[in-house]
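# Breakdown of the fold
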Number of protein chains: 2
Amino acid sequence: MGAAVLSAPGESRRERSARTYAAVLDAADRLFAENGAEATSISDVATRAGCSVGTVYHHFGDKKRLLHALVERYIGRFQITIDEVVAPPRWAGSGVRVILAGYVAFSLEAGQSRPAFARPGAETARSDSKVRLQLAGLHSELKDGFASLLLVRRKEIGHPNPILAIHFVLDQLAAVIIARQNPFLMPSTLIECPSETFVQEALEAAAAYLRLDE
Amino acid sequence: MGAAVLSAPGESRRERSARTYAAVLDAADRLFAENGAEATSISDVATRAGCSVGTVYHHFGDKKRLLHALVERYIGRFQITIDEVVAPPRWAGSGVRVILAGYVAFSLEAGQSRPAFARPGAETARSDSKVRLQLAGLHSELKDGFASLLLVRRKEIGHPNPILAIHFVLDQLAAVIIARQNPFLMPSTLIECPSETFVQEALEAAAAYLRLDE
DNA sequence: ATTATCTATAGATCTATAGATAATGC
DNA sequence: ATTATCTATAGATCTATAGATAATGC
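How each quantity is defined
Residues numbered from 1 in each chain as written. Chains lettered and ligands numbered in written order. Predicted model: local features only at pLDDT ≥ 70, side-chain atom pairs only at ≥ 80, totals over all residues. Heavy atoms only, no water. Helix = DSSP H or I, 4+ residues; strand = E, 2+ residues; numbered from the N terminus. Buried < 20%, exposed > 50% of the residue type's maximum accessible area, 1.4 Å probe, protein only. Contact = heavy atoms within 4.5 Å. Areas by Shrake-Rupley, 256 points an atom, 1.4 Å probe, with all protein chains shown as cover. Least-squares fit on C-alpha atoms with pLDDT ≥ 70 in both. Near = heavy atom within 4 Å. Polar contact = N/O pair within 3.5 Å; in protein donor to acceptor, adjacent residues only side chain to side chain. Nonpolar A, V, L, I, M, F, W, Y, C, P; charged D, E, K, R; others polar. Phe/Tyr/Trp six-rings, centres within 6.5 Å; stacked < 30°, edge-to-face > 60°. Lys NZ or Arg CZ within 6 Å of the ring centre and 35° of its normal. Salt bridge = Lys/Arg side-chain N within 4 Å of Asp/Glu carboxyl O. Buried area = accessible area lost by both parts, 1.4 Å probe. Core = buried A, V, L, I, M, F, W, Y, C linked by side-chain atoms within 4.5 Å. Expected span 1.5 Å × (residues − 1). Axes fitted to C-alpha atoms, helices over the stretch in contact; angles between N-to-C directions. Parallel < 35°, antiparallel > 145°, perpendicular 65-115°, else oblique.

## Describing the overall build of chain A
A tally of regular secondary structure across chain A gives ten helices and zero strands. Projected onto its principal axes, the C-alpha positions of chain A cover 65 × 40 × 30 Å. The 214 residues of chain A split such that 47% are buried. For chain A, the proportion of contacts with a sequence separation of at least 24, taken over those separated by at least 6, is 67%. Carbon and sulfur atoms make up 55% of the accessible area of chain A, which totals about 10,300 Å².

Put into structure tokens, the structure is as follows:
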């Protein structure tokens, strides 16, 4: 359990401190995601991280700043993968269908590999306008990145208002993915059907709306 | 403030007690929706309802049962409006497009007139499997009601698998409505655009996916 | 000398109950 | 006699801090 923070041989004091810091964030990440930030005490976090309550306060000051640090770490990591996936060269030669499939795959993956984040992120965003703006910016970067990839290929799109349609379709895809990954929001076929069916129908709905075949 | 519970002239003891009971539920409804059930103390609820902490416990036993009673009341009210809206005679002579528009209007209205419920409902469902099943049943009743209205009109639908398509499209519409009504889940065009645009594009996406014009 | 860590605890809530009170219902 | 209500409070957490300790860094 607490083994993560015991000093390892040949480890500097700075290194161990950084490891403790990360262990606390990891512990908060899991516990906040499982039970919500409010239902999680600093004592719970400390126990899981294998350190004391005092140590948590030493590193983060208070609970609010611990949540902020968690969000910041998430944003930092996510930023990098977004920058990679929206890079135009990556999609050279690909049409609208392939790009939409890439958007869905990326969004699904992001939600699955970071299930820990959705809950504390939304909770924090609700009450903290700074965090809300940061997350909105992150989402916009992903969406605008894909939107401009699609805009360049607007000749494939038969919808009378391509700009509106592109934004709407990306948001619609994000919405069904969020619904699928948060069963308590809306029990539905979106959740019960197998992954291939889900992706296929979501993409077919997008293609039909955009009128790709005209 | 507390005036709601003061005895009114010519009011029986039973009546006043029922009014107190309802006032506590109303208070919990608002506070739980605004701040979350966990962040709301029984003392907050009592103050808002204009009664004492002891009175809340007299009526509901404990906090968990207060949440349950709130969910039950919501379910009871909602059940009635669902039964009305999915009644086949109401849609006699209407095509798929009109019915889908009705589904969207009803879902939008439900979310707007009961904003108070979404949060405590989801919070409770997350931890309480009985409530989760109840809410799933409620949603299923709405969805299955509309699904059978659409199924009867399947000749209008060009999608190769009408049953799958009907369920998928209803869930997709629900997902974009939820996204629109919960800005902290996903900042997006879905939220920023005016109501008419939102409804129009959502319905156009549905119609295109179902292939209503073939 | 600094600082990462721990232990112990003060102070603030919050849930739930006990017991008193006063008004209705049978 | 019952019960809806109130006041007061016990007991359980939970946040945050104070102060001690021991190991590193300059």
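## With respect to the relation of the copies chain A and chain B
Rotating chain A by 180° about the axis while translating it 0.0 Å along that axis superimposes it on chain B, leaving an RMSD of 0.0 Å. The transformation just described matches what one would write down for a two-fold rotation axis. The residues that chain A uses at the interface reappear at the interface of chain B in 100% of cases, marking a shared surface.

## Here's the deal with the protein's contact with DNA strand C
Around DNA strand C sit 19 residues, and of these A:Arg13, A:Thr20, A:Thr55, A:His59 and B:Tyr57 come closest. In DNA strand C, the atoms that sit within 4 Å of the protein are 76% sugar and phosphate, with bases accounting for the remainder. A distance of 2.4 Å is found between a phosphate oxygen of DNA strand C and a side-chain nitrogen or oxygen belonging to A:Thr20. At 2.6 Å, a side-chain N or O of A:His58 approaches a phosphate oxygen of DNA strand C. Residue assignment for the surface near DNA strand C shows that the elements contributing at least two residues are helix H1 (13-35) and helix H3 (53-60) of chain A together with helix H1 (13-35) of chain B. Grouping the constituent residues of the surface near DNA strand C by class yields three nonpolar, ten polar and six charged.

## Here's the deal with the protein's contact with DNA strand D
Taken together, 19 residues sit near DNA strand D, with A:Tyr57, B:Arg13, B:Thr20, B:Thr55 and B:His59 positioned nearest. Backbone atoms, meaning sugar and phosphate, form 75% of the atoms of DNA strand D found within 4 Å of the protein. A:Tyr57 is positioned with one of its side-chain polar atoms (N or O) 3.2 Å from a phosphate oxygen of DNA strand D. One nitrogen or oxygen atom from the side chain of A:Lys63 is found 2.8 Å from a phosphate oxygen belonging to DNA strand D. Breaking the surface near DNA strand D down by element, the ones donating at least two residues are H1 of chain A together with H1 and helix H3 (53-60) of chain B. Classifying every residue of the surface near DNA strand D gives three nonpolar, ten polar and six charged.

## Focus: the packing of aromatic side chains
All chains considered together, the criterion is met by 14 aromatic pairs over all chains. Taken together, the aromatic side chains of A:Tyr74, A:Phe78, A:Phe106 and A:Phe117 make up a single cluster linked through ring pairs. Over the ring of A:Phe198 we find A:Arg180, and its NZ or CZ is 4.7 Å from the ring centre. Its guanidinium or amino end placed over the ring of A:Phe184, B:Arg126 lies 3.9 Å from that ring's centre, counting from NZ or CZ.

## Focus on the pattern of salt bridges
The tally for this structure, following the rule as stated, stands at 14 salt bridges over all chains. For A:Arg97, the salt bridge identified is with A:Asp213, shortest N-O distance 2.7 Å. Note that A:Arg97 is positioned in helix H5 (residues 96-113) and A:Asp213 in the segment after helix H10 (195-210), a separation of 116 residues in sequence. By relative accessible area, which is 65% here, A:Asp213 ends up exposed. In this structure, B:Glu123 engages B:Arg119 in a salt bridge whose closest nitrogen and oxygen atoms are separated by 3.6 Å. With a gap of four residues between them, B:Glu123 and B:Arg119 both fall in helix H6 (residues 115-127), about one helical turn apart. Judged by its relative accessible area of 27%, B:Glu123 falls in the partly exposed class. Since its relative accessible area comes to 16%, B:Arg119 is described here as buried.

## Description of the interface of chain A and chain B
At the interface, 35 residues of chain A touch 35 residues of chain B. Interface area for chain A against chain B, summed over the two sides, is near 3,500 Å², with a carbon-plus-sulfur share of 69%. Of all residues in chain A, the largest losses of buried area upon contact with chain B belong to A:Arg126, A:Phe168 and A:Phe184, amounting jointly to 19% of the total for that side. Where chain A packs against chain B, one counts two salt bridges. Residue A:Glu204 is joined to B:Arg211 by a salt bridge in which the shortest nitrogen-to-oxygen separation is 3.1 Å. In this assembly, chain A and chain B are joined by 13 residue pairs in polar contact (both at pLDDT 80 or more). When contributions to the side of chain A that touches chain B are tallied by element, the ones reaching two or more residues are helix H6 (115-127), helix H7 (129-152), helix H8 (162-181), helix H9 (189-192) and H10 of chain A. Here the side of chain A that touches chain B gets ten residues from one element, more than from any other, and that element is H8(A). Its residues assigned to classes, the side of chain A that touches chain B comprises 20 nonpolar, seven polar and eight charged.

## Regarding the nonpolar core
A:Leu100, A:Phe146, B:Leu100 and B:Phe146 are the most contacted members of the largest nonpolar core, which totals 100 residues. Other than its neighbours up to four places away in sequence, A:Leu100 contacts A:Leu150, A:Val169, A:Leu170, A:Leu173, A:Leu203, A:Ala206 and A:Leu210.

## Considering H8(A)
With 20 residues, H8(A) extends 28 Å between its outermost C-alpha atoms, agreeing within 8% with the 28 Å of an ideal straight helix rising 1.5 Å per residue. H8(A) sits mainly inside the fold: 15 of its 20 residues count as buried.

## A short note on the environment of B:Ile178
Structurally, B:Ile178 is set in helix H8 (residues 162-181). Along the primary structure B:Ile178 and B:Val131 are separated by 47 residues, whereas in three dimensions their C-alpha atoms are 19 Å apart. When residues no more than four places from it in sequence are discounted, the contact partners of B:Ile178 are A:Leu185, A:Met186 and B:Leu185.

## Some points on the packing of helix H2 (residues 42-49) of chain A against H3(A)
All names here are of chain A. Contact geometry of H2 with H3 gives a least axis separation of 8 Å together with a crossing angle of 100°. The orientation of H2 with respect to H3, classified from their angle, is roughly perpendicular. Of H3, the residues touching H2 (which contributes Ile-42, Ser-43 and Ala-46) are Val-53, Val-56 and Tyr-57. Across the contact of H2 with H3, the residue classes break down as five nonpolar, one polar and no charged.

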